[in-house]
Amino acid sequence: MSDFSFRVTYRSAGYARCGVLETRHGTIQTPTFMPVGTYGAVRLTSVHELREAGAQIILGNAYHLHATAGADRIHDLGGLARFCGWNGPTLTDSGGYQVSYMWNSGTHSVQGGQRIHSHKSPIRKITEDGALVKNIITGEEFLYGPEFAMEVQSKIGADIVMPFDQPTFDTDDYDAASQTLERSHRWTKRSKEHWEWLKEKGKAPEYQAFFPIIQGGRHEGLRRDSAGFSTSIAETGIAIAGESIGIDPEISEQTLRLVRNLLPLDRPLYAMGLGGGPEGFFRGVLQGVDMFDNTSPTRLGRCGLALVSPEGGSKRANRFRISLRQSQHKSSEIPIDEGCQCRVCRSHSRAYIHHLLKIGESLGARLICFHNVYFMHDLGRAIQNAIRTGNLEKLYERWMLSALLEP
Ligand SMILES: [Zn+2]
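Below, the structure is looked at part by part. In every chain, residue numbers begin from 1 and rise along the written sequence. In keeping with the predicted nature of the model, local features appear solely for residues at pLDDT of at least 70, side-chain atom pairs appear and are counted solely at 80 or more, and the whole-chain, interface and lining totals rest on all residues. With hydrogens and water set aside, each side-chain value is computed from the structure's full complement of heavy atoms.

Right, let's get into the overall build of the protein chain. On a plain count of helices and strands, the protein chain comes out with 15 helices and 19 strands. Its C-alpha atoms put the protein chain at 60 × 50 × 40 Å along the principal axes. Under the scheme applied here, a residue whose accessible area is under 20% of the maximum for its type counts as buried, over 50% as exposed, and between as partly exposed, the area being computed with a 1.4 Å probe on protein chains only. Here the protein chain, with 407 residues, has 58% of them falling under the buried criterion. Of the contacts made within the protein chain by residues no fewer than 6 positions apart, 65% connect residues no fewer than 24 positions apart. Working convention for charge: Lys and Arg count positive, Asp and Glu count negative, and His plus the chain ends are omitted. A charged residue contributes its charge at one atom only: NZ of Lys, CZ of Arg, CG of Asp or CD of Glu. Each charge class in the protein chain was averaged separately, 46 positive and 44 negative side chains, and the resulting centres sit 4 Å apart. Helix and strand assignments follow DSSP, with helices taken as H or I runs no shorter than four residues and strands as E runs no shorter than two, numbered in order from the N terminus. Residue contacts are counted whenever heavy atoms from the two residues lie within 4.5 Å of one another.

Bringing the pairing of strand β17 (residues 291-294) into the picture now. In β17, alternate side chains face the same way, and those of M291 and D293 on one face and F292 and N294 on the other are all buried. Relative to β17, strand β4 (residues 32-35) runs parallel, the two being bridged by 4 bridges. Within β17, the residue paired with M34 across the bridge is D293. Strand direction decides the pairing type here: strand β16 (residues 269-271) and β17, joined by 2 bridges, are parallel. For Y270, the partnering residue across the bridge sits in β17 and is M291. Between the parallel pair β16 and β17, the chain is carried across by helix α10 (residues 278-286), and the sense of this crossover is right-handed. In this analysis, strands are considered paired if DSSP registers two or more bridges between them. The handedness of a crossover follows from its direction of travel: if, with the strands pointing away from the viewer, the path from the first strand over the helix to the second runs clockwise, the crossover is right-handed.

Take the packing of aromatic side chains next. Any two rings among Phe, Tyr and Trp, with Trp reduced to its six-membered ring, count as a pair given centres within 6.5 Å; such a pair is stacked if its planes are under 30 degrees apart, edge-to-face if over 60, and tilted if neither. Going through the model one piece at a time under the given rule, you end up with 15 aromatic pairs. Judged by centre distance (5.4 Å) and plane angle (75 degrees), the ring pair of Y144 and F164 falls under edge-to-face. Taken together, the residues span a long stretch of sequence, with Y144 in strand β11 (residues 141-144) and F164 in the loop between β12 (160-161) and α7 (174-200) at a distance of 20 residues. Three or more aromatic residues joined by ring pairs make a cluster, and in this case those are Y63, F142, Y144, F148, F164 and W187. Each ring is checked for a lysine NZ or an arginine CZ that lies within 6 Å of its centre and within 35 degrees of its normal; such an atom marks a charge sitting over the ring. Here R260 stacks its cationic end above the ring of Y15, 5.0 Å away from the centre of that ring. Over the ring of F370 we find R343, and its NZ or CZ is 4.3 Å from the ring centre.

The working definition used for a salt bridge is a side-chain nitrogen of Lys or Arg within 4 Å of a carboxyl oxygen of Asp or Glu. Summed over the entire model, instances satisfying the criterion amount to 20 salt bridges. With its nearest N and O atoms 2.9 Å apart, the salt bridge here joins E147 to R190. Of this pair, E147 sits in helix α6 (residues 146-156) while R190 is found in helix α7, placing the two residues 43 residues apart along the sequence. Members of the salt-bridge network, linked through shared partners, are E253, R257, E279, R283 and R316.

With that out of the way, let us pick up the coordination of the zinc ion. Any nitrogen, oxygen or sulfur atom within 2.8 Å of a metal ion counts as a donor, with the limit raised to 3.2 Å for Na, K and Ca, and since water is left out, coordination shells can look unfinished. Around the zinc ion, the protein supplies C340 (SG), C342 (SG), C345 (SG) and H371 (ND1) as donor atoms, at distances of 2.1 to 2.3 Å. Given 4 donor atoms and angles of 99 to 119 degrees at the metal, the environment of the zinc ion is assigned as tetrahedral. In terms of primary sequence, the donors binding the zinc ion are separated according to C-x1-C-x2-C-x25-H. The exposure class of C340 is buried, given its relative accessible area of 7%. Using a relative accessible area of 1% as the deciding quantity, one classes C342 as buried. Irregular is the label for any site that misses the other tests, which are tetrahedral for four donors with all angles between 85 and 135 degrees, and square planar for four donors or octahedral for six when opposite donors exceed 155 degrees and the remaining angles lie between 65 and 115.

In this section: the sheet that holds β11. Strand order in the open sheet formed by 3 strands is β9-β10-β11, with antiparallel pairing between adjacent strands. Two strands close off the open sheet at either side, each with one partner strand: β9 (123-127) and β11. Neighbour-to-neighbour, the strand axes of this sheet turn through a mean angle of 20 degrees, independent of strand direction. In this description, a line fitted to the C-alpha atoms serves as the axis of each element, helices being fitted only across the stretch in contact, and the angle between N-to-C directions of two axes falls anywhere from 0 to 180 degrees.

Right, let's talk about the pairing of β9 for a bit. Bridging between β9 and strand β10 (residues 130-134) involves 4 bridges; their strand directions are antiparallel. Looking at β10, one finds that I123 is bridged to V133.

If you want it as structure tokens, here you go:
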């Protein structure tokens, strides 16, 4: 029996709601942002800083963790949370998206401890069995398919696990998308059946919860088919993914609208990759999304980009971010965001961080990463509070409409 439960505590405009998600390793107040530590680390941010920033759960990627540290080693070291020194819930994505993405495009990999960018994909081929992968580090070939992905996730031991599926890319025409979706559903069924078998045999933690993933690209009929299929097997929660979730906030909202009325209201909804900034967060919350993730807070931070509220001078058009590399900040005594209560904003000026960036001191990027991660969690807390007090519309207008008036 899973230790997992979810209960809705407040409802508000649209499908917006507050909820409480219980896992074996901790309680999560929703809606919430979830930081992503693909390889077991949120870039430039320690688990202590994540806790301080308000993180309630952290994410890892089973495929990348297995291809680097190895699932058996992580298992022997006490599972993902213990391995990372994180005292709280964790979630692993299976890596289905990454495998297909690498197959399509070729992408980065880790070689000799170095992250390298390569156009040579480690994915040899993808068949009905799964993906044949060549481990860049060891040279060993292995089949990463639904059954193996669930064995890896069972060993890694996160509280929430995801099926190995095949995403539908937005460039796929209807026929291609339809074929991919059918395979994705077959793989999801195989993932769930094998994971249940592992649980019966005591090889998967009894506390784990499994979230099927709605795919289907931008094809309304396919999205609705996938919503029906996912609902039929979703015992604990449901996820929605694909390029049309996360890349553009407006398209994400349109995609969520296609399926929202088909989804159960008593289970948490996780929009994979939606949460790169305030707009996606707001639009998702209004469609009843409870869980968000994105790598952007630390990706932006490493480039000198800081998330800022409208009062702090950001605009919806520039996605609520400012570049602290720009010379306009070189004498600025104000913090990154005057409304932010984070440690960085309480101690440091924009001028200081600008200086750190200019001299190539990595502390500059670290300070912005911490602020950005705090900022997304703080926005989650503000949204929860607005839902509880009936002020969500006011908060939304402050962020979205006041910003819309900007040129
Ligand atoms: Zn701050």
